[in-house]
Amino acid sequence: MDVKIEQSWKNILSDEFEKDYFKNLTDFVRGEYLSGKTIYPKPQNIFNAFNLCPLPDVKVVIIGQDPYHEPGQAHGLCFSVENGIDLPPSLQNIYKEIESDIGHKSITNGDLSAWARQGVLLLNSTLTVRAHVAASHSGHGWETFTDAVIRALANNRKNIVYMLWGSFAQKKAEFVDAQNNLILKSAHPSPLSAYRGFFGNHHFSLANEYLVKNGKTPIDW
């Protein structure tokens, strides 16, 4: 199957694209887009996280659940919204923690593409969603695919920082060798849980310390 995704990812995931579950997934997603329902993100942005952050460039992985489901928000990067869109509460809390941790404000708009271009893989576990219906495309195969992404990354790269916020993201840790990577876990930045351990987690400074220790350029958060 010819999947339009950045070449280094295409090479390493080529076997995945031929599996029955992925063919069923693409049939389902294509049907959703053609049904007249509003689906996010735009088709050309489904694999945006991969296109902006090729496999050899990955330094940090942040995992979200599924795309934002309101107009103008989702563009293929977890926690990120397009420039000009109001900041969602979770992203507001991420920026608060960065300012507290690093000591300076992060970017002021909600577009995290600059992070992706520095080597932050902003991966949602599910890559598409129906408008206004959270988790509406869960259970159709995306989770199997993104599990395979993390396994491929873990098997081919090391000294990567995995920021796993909330129990959903933390399930992905089972594929990662903690001896050869840095796994950072905390509560989710959602307003419902941020005060239970996301605030004060210092993940952004810890990530940069680890990257520098391993000879990599830190992320400009």
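Residues numbered from 1 in each chain as written. Predicted model: local features only at pLDDT ≥ 70, side-chain atom pairs only at ≥ 80, totals over all residues. Heavy atoms only, no water.

**Q** In this structure, what is going on with the pattern of salt bridges? I would like to understand it.
**A** One pass over the full model with this rule turns up 7 salt bridges. In this structure, D27 and R30 form a salt bridge, with 3.3 Å as the shortest nitrogen-oxygen distance. One end of the pair is D27 and the other is R30, both in helix α3 (residues 20-34) and 3 residues apart, which spans about a single turn. By relative accessible area, which is 47% here, D27 ends up partly exposed. The salt bridge partner of K37 is E32, with a shortest N-O separation of 3.5 Å. In this structure K37 comes out as partly exposed when scored by relative accessible area, which is 38%. Exposure remark for E32: the relative accessible area of 6% places this residue in the buried category. (Salt bridge = Lys/Arg side-chain N within 4 Å of Asp/Glu carboxyl O. Helix = DSSP H or I, 4+ residues; strand = E, 2+ residues; numbered from the N terminus. Buried < 20%, exposed > 50% of the residue type's maximum accessible area, 1.4 Å probe, protein only.)

**Q** What should I look at first to understand the state of the cysteines in this one?
**A** What we call a disulfide is simply a covalent bond connecting the sulfur atoms of a pair of cysteines. Counted according to the given criterion, the structure contains 0 disulfides. The thiol of C53 is not disulfide-bonded; the next cysteine sulfur, from C78, is found 11 Å away. Given the relative accessible area of 0%, C53 is considered buried. (Disulfide = S-S within 2.5 Å.)

**Q** Please clarify how the sheet that holds strand β2 (residues 60-64) should be interpreted in this entry.
**A** Pairing in this open sheet of 4 strands is parallel, and the strands run β3-β2-β5-β6 from one edge to the other. Each having just a single partner strand, β3 (120-124) and β6 (182-186) make up the two edges of the open sheet. Here the strands of the sheet are splayed against their neighbours by 20° on average, with no regard to which way each runs. Of the strand pairs in this sheet, strand β5 (residues 161-165) and β6 are connected by 5 bridges, and their pairing is parallel. Within β6, the residue paired with L164 across the bridge is K185. Contacts between helix α7 (residues 142-156) and the sheet are confined to β2, β3 and β5, with β3 contributing the most and set at about 155° to the helix. (Pairing = 2+ DSSP bridges. Axes fitted to C-alpha atoms, helices over the stretch in contact; angles between N-to-C directions. Contact = heavy atoms within 4.5 Å.)

**Q** I keep staring at unusual backbone geometry and nothing clicks. Help me out?
**A** Excluding glycine, residues mostly carry a negative phi; peptide bonds, for their part, are mostly trans. Along the chain, Y40 connects to P41 via a cis peptide bond; the corresponding omega equals -5°. Relative to the assigned elements, P41 resides in the loop between β1 (39-40) and α4 (48-52). Within the chain, H132 stands out as a residue other than glycine whose phi angle is a positive 70°. The topology assignment puts H132 in the loop between β4 (129-130) and α7. Looking at H132, the relative accessible area reads 51%, which means it is exposed. Although it is not a glycine, H202 adopts a positive phi angle of roughly 60°. By the element assignment, H202 lies in the loop between β6 and α9 (203-213).

**Q** Looking at this structure, I do not really get the side chain of S205. What am I missing?
**A** Considering the arrangement of structural elements, one finds S205 in helix α9. Accessibility expressed as a relative area gives 17% for S205, which makes it buried. There is a polar contact of 3.2 Å between the side chain of S205 and the backbone oxygen of H202. If we ignore the near neighbours within four places in the chain, the residues touching S205 are D101 and I102. (Polar contact = N/O pair within 3.5 Å; in protein donor to acceptor, adjacent residues only side chain to side chain.)

**Q** Is there a simple way to explain the packing of aromatic side chains in this structure?
**A** Each aromatic ring pair is specified by the distance between its two centres and by the angle formed by the two planes. Under the counting rule described, the total for this entry stands at 18 aromatic pairs. Geometrically, the ring pair formed by F47 and W142 is edge-to-face, given 6.1 Å between the ring centres and 75° between the ring planes. Of the two residues, F47 is situated in the loop between β1 and α4 and W142 in helix α7; the sequence distance between them amounts to 95 residues. Given a relative accessible area of 11%, F47 falls into the buried group. Given a relative accessible area of 3%, W142 falls into the buried group. By way of ring pairs, the aromatic residues W9, F17, Y21, F22, F47, F50, W142 and F145 are connected into one cluster. It is R151 that lies over the ring of F175; its NZ or CZ is 5.1 Å from the centre. (Phe/Tyr/Trp six-rings, centres within 6.5 Å; stacked < 30°, edge-to-face > 60°. Lys NZ or Arg CZ within 6 Å of the ring centre and 35° of its normal.)

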